[in-house]
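In case you want the letters, here they are:
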Number of protein chains: 4
Amino acid sequence: MSPQIRVLVWNENVHERENPVVAKIYPAGIHSCIADALKSDDRLSVQTATLDQPEHGLTEHALEETDVLMWWGHAAHGEVGDEFVDRVLKRVWQGMGFVALHSSHYSKIFKRLMGTSCSLTWREAGEKERVWVCNPAHPIARGIDRYFEIENTEMYGEPFAIPAPDETVFISWFEGGDVFRSGCTWKRGNGKIFYFAPGHEVYPIYFNPKIQTVLRNAVRWAAPDPERWVDTCPQIPADRAPERLTVKGPRMHRKGEEGFK
Amino acid sequence: MSPQIRVLVWNENVHERENPVVAKIYPAGIHSCIADALKSDDRLSVQTATLDQPEHGLTEHALEETDVLMWWGHAAHGEVGDEFVDRVLKRVWQGMGFVALHSSHYSKIFKRLMGTSCSLTWREAGEKERVWVCNPAHPIARGIDRYFEIENTEMYGEPFAIPAPDETVFISWFEGGDVFRSGCTWKRGNGKIFYFAPGHEVYPIYFNPKIQTVLRNAVRWAAPDPERWVDTCPQIPADRAPERLTVKGPRMHRKGEEGFK
Amino acid sequence: MSPQIRVLVWNENVHERENPVVAKIYPAGIHSCIADALKSDDRLSVQTATLDQPEHGLTEHALEETDVLMWWGHAAHGEVGDEFVDRVLKRVWQGMGFVALHSSHYSKIFKRLMGTSCSLTWREAGEKERVWVCNPAHPIARGIDRYFEIENTEMYGEPFAIPAPDETVFISWFEGGDVFRSGCTWKRGNGKIFYFAPGHEVYPIYFNPKIQTVLRNAVRWAAPDPERWVDTCPQIPADRAPERLTVKGPRMHRKGEEGFK
Amino acid sequence: MSPQIRVLVWNENVHERENPVVAKIYPAGIHSCIADALKSDDRLSVQTATLDQPEHGLTEHALEETDVLMWWGHAAHGEVGDEFVDRVLKRVWQGMGFVALHSSHYSKIFKRLMGTSCSLTWREAGEKERVWVCNPAHPIARGIDRYFEIENTEMYGEPFAIPAPDETVFISWFEGGDVFRSGCTWKRGNGKIFYFAPGHEVYPIYFNPKIQTVLRNAVRWAAPDPERWVDTCPQIPADRAPERLTVKGPRMHRKGEEGFK
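Remember, it's a predicted structure, so these values are computed and weren't measured experimentally. (Residues numbered from 1 in each chain as written. Chains lettered and ligands numbered in written order. Predicted model: local features only at pLDDT ≥ 70, side-chain atom pairs only at ≥ 80, totals over all residues. Heavy atoms only, no water.)

**Brief notes about the relation of the copies chain C and chain A**
Phase 1: Between chain C and chain A, the superposition needs a rotation of 180° and an axial shift of 0.0 Å, giving an RMSD of 0.0 Å. The relationship between the two copies is best expressed as a two-fold rotation axis. When C-alpha distances to the rotation axis are compared across chain C, the minimum falls at C:Trp173, with a value of 3.3 Å.
Phase 2: Interface residue correspondence from chain C to chain A reaches 100%, placing this contact among same-surface, isologous pairings. (Least-squares fit on C-alpha atoms with pLDDT ≥ 70 in both. Contact = heavy atoms within 4.5 Å.)

In structure tokens, the structure reads:
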């Protein structure tokens with residue numbers, strides 16, 4: 001049996017407590033609904049974390065035990081502490097997978113990973129969305145036919161200000177006439193990143209079986225190789241150069257000194 | 001005659017004032033040396049800015065008048081205010097070119113554009129560097145033969161923790177036995193980005209005619225298209241959808257309201 | 001005044017002679033319609049060529065005088081001689097731009113440049129297509145607002161079996177419910193490549209002013225840098241190595257000999 | 001236990017029979033040496049095939065049973081039948097991994113997958129090569145430290161005329177002063193592709209334990225997802241469109257007809 005993939009589902013968990021429509025759909029929070037969906041795959045070991053926990057539930061220990069971090073944020077992007085953003089970034093660079101859901105396109109972490117504005121257009125009209133598969137054999141599309149539909153959704157539309165994706169897995173068609181790259185992958189350091197657009201909180205989107213299939217696929221796809229690596233500009237002194245080297249000219253740094261940061 | 005490209009050469013200008021070796025090589029600052037090199041091309045209109053100026057010389061007005069920003073930083077990355085980092089990022093996304101030099105691989109702006117750690121290895125031994133052209137017809141390599149050499153340089157070596165470049169223009173060979181992707185391009189939003197590794201401040205590298213050729217080429221390559229664009233998630237109300245749309249289901253936002261940020 | 005860009009518009013010109021519907025729309029051939037559209041930009045110098053000409057009109061002389069080759073083929077992909085395919089490929093690698101239109105996704109040249117199957121799905125129902133701009137400041141989208149519409153079109157749909165584009169400039173929405181990456185860019189060698197999907201021959205699509213705007217933009221975008229380069233594995237003998245080198249061990253090739261091809 | 005990966009090691013096997021130096025190093029052929037190296041990993045199931053076999057050993061049955069095809073060719077690229085090139089390409093697009101070794105950068109299959117000239121520079125002087133790891137946690141670099149060395153090698157140098165790699169895993173430093181992107185990855189369709197430069201036949205390079213480690217890593221990395229897909233432009237008739245559609249205007253094709261190819 002292959003080893004389990006350890007997923008941490010993070011949710012700001014704000015609308016579920018403050019908005020009655022959302023509270024009714026997700027009484028235990030979006031994170032619980034998603035965690036339940038993931039648990040149906042017994043290769044996945046699932047934990048959850050929320051904004052209001054100490055360190056937002058993103059302790060060094062929790063991240064050390066995480067292979068893939070799934071992120072849902074919307075109203076409270078600004079309340080995520082920069083220290084924890086940096087902590088997560090470092091883990092992604094080492095190899096931890098990162099799955100950003102819906103409004104998390106505007107989360108601090110996703111924007112930091114992309115290096116672009118991550119702007120898009122949006123419309124809240126409960127319209128129909130049809131999610132098309134752009135590569136039928138992509139691991140994230142396994143179990144999905146040519147497309148699937150979401151009866152009521154928020155429209156997210158182009159232009160989507162992202163760097164060119166490594167792969168565009170899904171593109172959505174909207175009843176109102178728009179299109180959107182709704183499933184895209186990138187790599188930053190050794191971390192695999194997947195953005196998946198559907199998930200507006202006033203509709204029961206995370207109960208949709210096809211959405212749940214994609215989430216499970218995404219976690220398995222984003223799972224890291226066992227080897228991890230991140231570095232902070234090590235000095236390699238001249239006497240450890242592969243070729244014999246005579247030091248010439250002046251220097252800024254002493255041997256063993258750290259570089260500027 | 002084609003319109004001029006407006007370059008702003010930014011330098012932290014710290015070592016030139018604090019380190020006698022650097023002060024002797026660049027008595028007027030690295031920025032002045034680079035600006036002089038660029039001015040020899042009369043299609044370029046050149047300004048300079050330094051850390052100690054008000055707003056680090058990066059006023060909205062200065063950036064409005066800038067097509068390409070060239071950046072040199074090393075000891076004082078941390079002193080660049082986050083407000084100005086955000087301001088520059090927005091300009092890059094709109095289309096302003098950004099050329100990061102040498103130790104600027106670790107500048108806040110470059111790291112934010114890349115989304116990776118930007119770590120590398122380094123060695124200060126005054127060794128020889130041979131910069132190889134990976135694509136002889138690339139605009140940034142124009143006027144350079146198969147390679148050029150720098151007699152005394154700081155080694156920057158792999159692994160270089162960057163996202164896969166759109167194009168690797170130069171790879172360097174070092175006397176001590178290392179290699180480095182020393183000239184790489186990316187695009188973020190509409191901004192073209194070029195990283196160029198040579199430039200250690202204790203050697204007179206920016207006086208090297210080949211280096212100067214590359215800097216001029218890089219500015220011309222990074223110059224933006226006249227059209228600029230950046231956006232902040234506009235709401236497109238249902239009555240402005242291209243297809244006729246009947247609003248269904250509940251909503252989180254009122255018409256005309258801004259999204260969460 | 002900047003120098004003119006020399007465009008060669010190539011068309012197989014088969015349907016225009018054999019199918020009365022197409023003949024009525026394009027009595028002088030699709031190539032003539034496109035050429036007229038390009039000529040309205042006086043920075044473009046426009047020639048045409050067709051399959052039935054000697055060497056398909058793709059003589060070495062004609063290609064030597066071409067900065068950007070625009071290609072329309074459909075029924076006669078197989079009749080394009082491999083010798084001319086290789087000739088065009090070599091020009092693209094040197095720097096000649098290549099714009100593939102509509103059914104040319106299945107042309108020999110485009111498939112050779114992509115390295116994938118270039119399959120897509122299609123439906124001929126005269127439905128409406130809405131072409132969305134994914135990056136409003138991209139040079140190929142200049143003069144286009146958020147989107148434009150084509151009243152009657154052939155549907156080209158996902159999955160589109162292409163390598164991940166360098167940039168996705170347009171994505172199309174179809175009345176019948178499909179989506180398609182209808183405007184994509186790549187680079188092969190120094191040649192810039194743009195694929196643009198609209199253009200089914202039984203509708204007057206190349207008379208659409210927005211389509212014509214995109215074609216003119218595409219030519220200007222794909223125009224090469226003056227410097228060209230292509231190579232065929234030159235041997236660099238040991239006595240021309242940058243570092244002094246003593247030849248060791250056995251050899252397969254004599255000095256000056258060509259490699260295997 | 002995870003299922004075995006089925007590797008087919010293909011070799012033109014020409015020099016081993018015609019050149020006494022090569023015959024002495026690889027009396028049973030390069031393919032046998034490589035196959036032995038792969039067999040030391042019991043997760044790999046290894047077969048070999050050579051040019052002189054019926055269908056070059058690339059029968060439909062053999063490819064159906066292959067997860068990863070490893071390729072070594074040099075003197076006889078032109079003798080590989082186009083029919084078998086097309087057959088292999090289709091398998092790669094479906095998902096079969098492809099590992100191109102050394103002089104196979106100029107094989108028909110690799111050039112077809114890349115879409116570029118695949119030119120490089122070369123020098124046969126028995127010089128030292130140092131292979132640097134550009135990403136220490138990349139699966140293909142597992143078990144390799146910062147670098148490894150090959151005492152006698154043929155130099156392959158930049159410019160290497162390839163499309164920008166998805167990832168540059170290795171860059172080589174040469175005693176004679178050159179550099180080369182010696183380990184690169186791409187994806188075409190669902191096939192993962194790895195090019196690995198070392199392997200000149202007059203030196204015993206495939207006996208080098210580090211080289212063997214990389215080959216085993218490469219096979220495991222290139223192994224496909226179980227799902228395969230390739231398509232040939234299916235027509236989706238109007239009555240199977242996801243949205244109700246009334247056919248308008250003229251048509252080129254009848255319902256059920258195949259497109260032009």
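After that view, the rundown keeps rolling.
**Some remarks on the relation of the copies chain A and chain B**
Phase 1: Screw-axis analysis of chain A against chain B gives a translation of 0.0 Å along the axis, an RMSD of 0.0 Å, and a rotation angle of 180°.
Phase 2: In this assembly the copies share their binding face: 100% of the residues contributing to the interface of chain A also contribute to that of chain B.

**A short note on the interface of chain A and chain B**
Phase 1: Contacts between chain A and chain B engage 69 residues on the former and 69 residues on the latter.
Phase 2: Interface of chain A and chain B: buried area, both sides summed, is about 5,400 Å²; carbon and sulfur atoms make up 63% of it.
Phase 3: Our count for the chain A to chain B interface comes out at three salt bridges.
Phase 4: In this structure, A:Arg251 and B:Glu124 form a salt bridge, with 4.0 Å as the shortest nitrogen-oxygen distance.
Phase 5: Our count for the contact surface shared by chain A and chain B stands at 28 residue pairs in polar contact (both at pLDDT 80 or more).
Phase 6: Contributing elements (two or more residues each) for the side of chain A that touches chain B: α2 (20-25), α6 (108-114) and β5 (121-133) of chain A.
Phase 7: A total of eight residues in the side of chain A that touches chain B trace back to one element, the largest contributor, which is β5(A).
Phase 8: Partitioning the side of chain A that touches chain B into residue classes produces 30 nonpolar, 23 polar and 16 charged. (Buried area = accessible area lost by both parts, 1.4 Å probe. Salt bridge = Lys/Arg side-chain N within 4 Å of Asp/Glu carboxyl O. Polar contact = N/O pair within 3.5 Å; in protein donor to acceptor, adjacent residues only side chain to side chain. Helix = DSSP H or I, 4+ residues; strand = E, 2+ residues; numbered from the N terminus. Nonpolar A, V, L, I, M, F, W, Y, C, P; charged D, E, K, R; others polar.)

**Points about the packing of helix α3 (residues 30-39) of chain C against helix α7 (residues 209-222) of chain C**
All names here are of chain C.
Phase 1: Interaxial distance between α3 and α7 falls to 9 Å at its minimum, and their mutual angle equals 70°. With respect to each other, α3 and α7 are oriented roughly perpendicular. Every residue of α7 that contacts α3 at Ile34, Ala37 and Leu38 is listed here: Gln212, Leu215, Arg216 and Val219.
Phase 2: For the contact of α3 with α7, the residue count by class is five nonpolar, one polar and one charged. (Axes fitted to C-alpha atoms, helices over the stretch in contact; angles between N-to-C directions. Parallel < 35°, antiparallel > 145°, perpendicular 65-115°, else oblique.)

**Some points on the confidence of the model for chain A**
Phase 1: This prediction gives chain A a mean pLDDT of 95; 99% of its residues lie at or above 70.
Phase 2: Reported for the predicted complex are a pTM of 0.97 and an ipTM of 0.96. (pLDDT = per-residue confidence, 0-100.)

**With respect to the sheet that holds strand β2 (residues 44-50) of chain C**
All names here are of chain C.
Phase 1: One open sheet accounts for nine strands, arranged β2-β1-β3-β4-β9-β8-β7-β5-β6; its pairing is mixed. Where the open sheet ends on each side, the last strands, each with one partner, are β2 and β6 (147-157). Adjacent strand axes in the sheet meet at a mean angle of 25°, parallel and antiparallel pairs treated alike.
Phase 2: One ladder, built from five bridges, connects strand β7 (residues 167-174) with strand β8 (residues 179-188); its direction is antiparallel. For Thr168, the partnering residue across the bridge sits in β8 and is Cys184. (Pairing = 2+ DSSP bridges.)

**Examining the pattern of salt bridges**
Phase 1: According to the stated counting rule, one finds 91 salt bridges over all chains in the structure shown.
Phase 2: The residue B:Arg142 makes a salt bridge to C:Glu227 at a minimum N-O spacing of 3.7 Å. Here B:Arg142, found in the loop between β5 (121-133) and β6 (147-157), pairs with C:Glu227, found in the segment after α7, and the two come from separate chains.
Phase 3: The class of B:Arg142 is partly exposed, set by a relative accessible area of 30%.
Phase 4: The class for C:Glu227 is partly exposed, based on a relative accessible area of 30%.
Phase 5: Residue D:Lys108 pairs with D:Asp82 through a salt bridge whose shortest N-O separation is 3.0 Å. Of this pair, D:Lys108 sits in helix α6 (residues 108-114) while D:Asp82 sits in helix α5 (residues 82-94), and the two are 26 residues apart along the sequence.
Phase 6: Shared partners join several salt bridges into a network, and the residues in it are A:Glu55, A:Glu60, A:Glu64, A:Glu83, A:Arg87 and A:Arg91. (Buried < 20%, exposed > 50% of the residue type's maximum accessible area, 1.4 Å probe, protein only.)

**Observations regarding the sheet that holds strand β9 (residues 191-196) of chain B**
Residue and element names in this part refer to chain B.
Phase 1: The sheet built from nine strands is open, its strands ordered β2-β1-β3-β4-β9-β8-β7-β5-β6 with mixed pairing. Two strands lie at the open edges of the sheet, namely β2 (44-50) and β6, each paired on one side alone. With strand direction ignored, the average angle separating the axes of adjacent strands in the sheet is 25°.
Phase 2: Where β5 meets strand β7 (residues 167-174), five bridges bridge the pair, whose relative direction is antiparallel. Paired with Val133 across the strands is Phe170, a residue of β7.
Phase 3: Each of β3 (68-72), β4 (97-101), β8 (179-188) and β9 touches helix α5 (residues 82-94); the most contacted strand, β9, lies at about 115° to it.

**Quick notes on the state of the cysteines**
Phase 1: What the rule picks out here adds up to zero disulfides over all chains.
Phase 2: B:Cys233 takes part in no disulfide bond, and the closest cysteine sulfur, belonging to A:Cys118, lies 8.7 Å away. (Disulfide = S-S within 2.5 Å.)

**Remarks on unusual backbone geometry**
Residues other than glycine predominantly adopt negative phi, and peptide bonds predominantly adopt the trans conformation.
Phase 1: Look at the link from A:Glu158 to A:Pro159: it is a cis peptide, with omega at 0°.
Phase 2: Checked against the element boundaries, A:Pro159 lands in the loop between β6 (147-157) and β7 (167-174).
Phase 3: Even without being a glycine, B:His56 presents a positive backbone phi close to 55°.
Phase 4: With respect to the secondary-structure elements, B:His56 resides in the loop between β2 and α4 (60-64).

**Section: the packing of aromatic side chains**
Aromatic ring pairs are reported here in terms of the distance separating the ring centres and the angle at which the planes meet.
Phase 1: Applying the stated criterion to the full structure yields 54 aromatic pairs over all chains.
Phase 2: Ring geometry for C:Phe160 and C:Phe180: centres 4.6 Å apart, planes at 35°, overall tilted. With C:Phe160 in the loop between β6 and β7 and C:Phe180 in strand β8, this pair connects stretches of sequence that are 20 residues apart.
Phase 3: Aromatic ring contacts, followed pair by pair, group A:Phe110, A:Tyr156, A:Phe160, A:Phe180, A:Trp186 and A:Tyr195 into a single cluster.
Phase 4: One Lys or Arg, B:Lys192, reaches over the ring of B:Trp221 and ends 5.7 Å from the middle of that ring.
Phase 5: Of note, C:Arg130 hangs over the ring of C:Tyr147, and the distance from its end group to the ring centre comes to 5.5 Å. (Phe/Tyr/Trp six-rings, centres within 6.5 Å; stacked < 30°, edge-to-face > 60°. Lys NZ or Arg CZ within 6 Å of the ring centre and 35° of its normal.)

**Quick look at the interface of chain C and chain A**
Phase 1: With 24 residues of chain C in contact, the opposing surface of chain A contributes 24 residues.
Phase 2: Between chain C and chain A, the buried area comes to about 1,700 Å², and carbon and sulfur atoms account for 62% of it.
Phase 3: When the buried area of chain C at its contact with chain A is split by residue, C:Trp132, C:Trp173 and C:Val179 rank highest and sum to 28% of it.
Phase 4: Connecting chain C to chain A are zero salt bridges.
Phase 5: At the junction of chain C and chain A, the tally comes to six residue pairs in polar contact (both at pLDDT 80 or more).
Phase 6: Of all elements in the fold, only β5 (121-133), β7 and β8 of chain C reach the threshold of two or more residues within the side of chain C that touches chain A.
Phase 7: The element best represented in the side of chain C that touches chain A is β7(C), accounting for five residues.
Phase 8: By residue class, the composition of the side of chain C that touches chain A is twelve nonpolar, five polar and seven charged.

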